[in-house]
Amino acid sequence: MQLDRDDERILAGEQGETKQKMLGLLVALGKVFGAERLVPIKSAQVSGASYKTIGEYGLQWLDSLDAKAVVPAVLNPIGMPRGRWEEMGVDPGFAEKQQAVVAAYARLGIALECTCTPYYLRETAFGDHLAWSESSAVSYANSVIGARTNREGGPGALAAALVGKTPCYGLHLGRNRKPQVLVRVEGRGPEWTIADYGALGYHAGKLVGNRIPFFTGIRPDRDGLKALGAAMAATGAVALYHVDGVTPETKKNPYDTAGLETIPVERAEIQTLFRDIPVEAVALGCPHCSPEELATIARLLAGKRVKIPLYVFAAQGVIDRNRKTVAAIEKSGAKVYADTCMVVSPVMEQYAGILVNSGKALAYVPDMCHAAGRIGTTEACIRVATE
Ligand code: F3S
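What you see is a predicted model; the values in this text were computed from it and never measured.

Visitor: What's the story with unusual backbone geometry in this structure? I'm lost.
Guide: When glycine is set aside, most residues are seen to have a negative phi, and most peptide bonds are trans. The omega angle of the peptide bond from C286 to P287 is -10°, so this bond is cis rather than trans. Mapping P287 onto the fold places it in the loop between β11 (281–284) and α12 (291–301). One non-glycine residue, D339, lies in positive phi territory at about 75°. Among the secondary structure elements, D339 is positioned in the loop between β13 (335–337) and β14 (353–356). The class for D339 is buried, based on a relative accessible area of 3%. Positive phi values are uncommon outside glycine, yet H370 reaches one of about 50°. By the element assignment, H370 lies in the loop between α15 (359–368) and β15 (372–375).

Visitor: In this structure, what is going on with α15? I would like to understand it.
Guide: An α-helical segment advances 3.6 residues per turn. Residues three or four places apart therefore align on the same side. Listed as buried for α15 are G359, K360, A361, L362 and V365. Its side-chain oxygen at 3.2 Å from the backbone nitrogen of K360, S358 defines the N-terminal cap of α15. Two residues or fewer past α15, H370 is found with a positive phi of approximately 50°.

Visitor: What is the right way to look at the sheet that holds strand β4 (residues 111–114) in this model?
Guide: Hydrogen bonds between backbone atoms are what pair the strands of a sheet, whose relative direction is either parallel or antiparallel. With respect to topology, four strands assemble into an open sheet ordered β4-β3-β2-β5, the strand pairing being parallel. Lying at the two open borders of the sheet, with one neighbouring strand each, are β4 and β5 (130–132). This sheet shows a mean twist of 25° between the axes of neighbouring strands, independent of strand direction. Sheet topology places strand β2 (residues 43–46) next to β5; three bridges connect them, and they run parallel. Bridged to Q45 within β5 is W132.

Visitor: Explanation requested: the environment of N142 in the structure shown.
Guide: Checked against the element boundaries, N142 lands in helix α6 (residues 135–145). A C-alpha to C-alpha distance of 5.5 Å links N142 and L240, two positions 98 residues apart in sequence.

Visitor: Would you mind showing me how to read the pairing of β2 here?
Guide: Every other side chain in a regular strand lies on the same face of the sheet, so the side chains alternate between the two faces. Side chains S43 and Q45 of β2 all project onto a buried face; the interleaved residues A44 and V46 project onto the opposite face, where all are buried too. Following the backbone out of β2, through helix α3 (residues 51–63) and into the adjacent parallel strand β3 (residues 73–75), one traces a crossover that is right-handed.

Visitor: Sorry, what's going on with helix α16 (residues 378–386) here?
Guide: Among the residues of α16, those classed as buried are T378, A380, C381, I382, A385 and T386. In this fold, the buried residues of α16 make contact with α8 (194–208), β11, α12, β12 (310–313) and β14.

Visitor: Teacher, can you tell me more about the packing of aromatic side chains here?
Guide: Both the distance between ring centres and the angle between the ring planes are used here to describe each pair of aromatic rings. Counted according to the given criterion, the structure contains 10 aromatic pairs. Judged by centre distance (6.0 Å) and plane angle (70°), the ring pair of Y51 and F94 falls under edge-to-face. With Y51 in helix α3 and F94 in helix α5 (residues 92–107), this pair connects stretches of sequence that are 43 residues apart. In this structure Y51 comes out as buried when scored by relative accessible area, which is 16%. Taking relative accessible area as the criterion, F94 reaches 12% and is therefore assigned buried. The interplanar angle of 55° and the centroid separation of 4.8 Å between the aromatic rings of W192 and Y197 together place this pair among those described as tilted. Among the aromatic residues, ring-to-ring pairing joins Y119, Y120, W132 and Y140 into one connected group.

Visitor: Quick question: what am I supposed to make of the site of the ligand here?
Guide: Taken together, P77, C116, E134, S136, G285, C286, P287, C341, V343 and K360 form the complete shell of residues around the ligand. Each residue belonging to the shell around the ligand can be placed in one class, and the counts come to six nonpolar, two polar and two charged.

Conventions adopted
Residues numbered from 1 in each chain as written. Predicted model: local features only at pLDDT ≥ 70, side-chain atom pairs only at ≥ 80, totals over all residues. Heavy atoms only, no water. Helix = DSSP H or I, 4+ residues; strand = E, 2+ residues; numbered from the N terminus. Buried < 20%, exposed > 50% of the residue type's maximum accessible area, 1.4 Å probe, protein only. Polar contact = N/O pair within 3.5 Å; in protein donor to acceptor, adjacent residues only side chain to side chain. Pairing = 2+ DSSP bridges. Axes fitted to C-alpha atoms, helices over the stretch in contact; angles between N-to-C directions. Right-handed = clockwise from strand over helix to strand, strands pointing away. Contact = heavy atoms within 4.5 Å. Phe/Tyr/Trp six-rings, centres within 6.5 Å; stacked < 30°, edge-to-face > 60°. Near = heavy atom within 4 Å. Nonpolar A, V, L, I, M, F, W, Y, C, P; charged D, E, K, R; others polar.

The following block contains the structure:
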């Protein structure tokens, strides 16, 4: 792999042991995947932030590191809202460990914005190279923005943040971004919601696996795309998808899809996911809510009180910029939390059934929260929470 003089100096240990090891990790990764060079990145998003997922060993490893991020870098959601963990009912022992994890990342220069939607906080542009790790963020960056990132593991994303580069292979290369399978959606109605797109992603992810799908027959907006990609990354391993005439690369490069395997998907197949099972709580914001989603939730809650717990998750920066909307939501008794989510917070484990409007959450709730999951539209979620 070609390395420049700065890289050679880092590898020689001139900038400390941590950067030496981190660049060593990136070079090793690059060699495994056949990268010819490193590419400078615009930002990093680092997973492995919840104590629920990294545990004591991960915390000790973070504490052993000594360097600072050289590009803007944020964290993935952690196990609790940093400022409101007591109110959320998080165990103090867990909170102490989670705070230690956060402090370790802060020492490494990672901004304490704990979100899977970093694209709402900092502009990310078409063609930018990134080292992001949360699967829905990776999917959104590649597909909806047209930026370029592989799905990094936590250590790889952290190494990239500290070095400012990542190995140039996989989705960083244009030749690896072409569609590999055609998904022809039939029976779409104008009333498709983010829950429908999430359910489509849940279904399609199982069919396409780790291939790059090219969708026809749908015209989702950005929230619909977010829901579609997040779910496909959960039930499949889709890090990039295209939607004909909607996602940016299909507009810039008219891809030739002739000869690709075609998978037809009927709307009726997706509707079977909308099962009616009893739930004890409702959770919205997987991935974290956009300002538009918060506004929809506030509108649907106007004049109502919640009867069962209703959790809404969003990035702190989005909450800060939409204070009035958040206040309107919380007036109903619902809670809008930053930093965490329904999947990584241990608090959600207390419920036997959880209603969500997200295909990704539907995929993860059973294993991560030990609860039955049900998907419904945002409207249905608010109705169930308030009636
Ligand atoms: Fe984000 Fe948590 Fe869903 S990290 S994509 S809200 S599982």
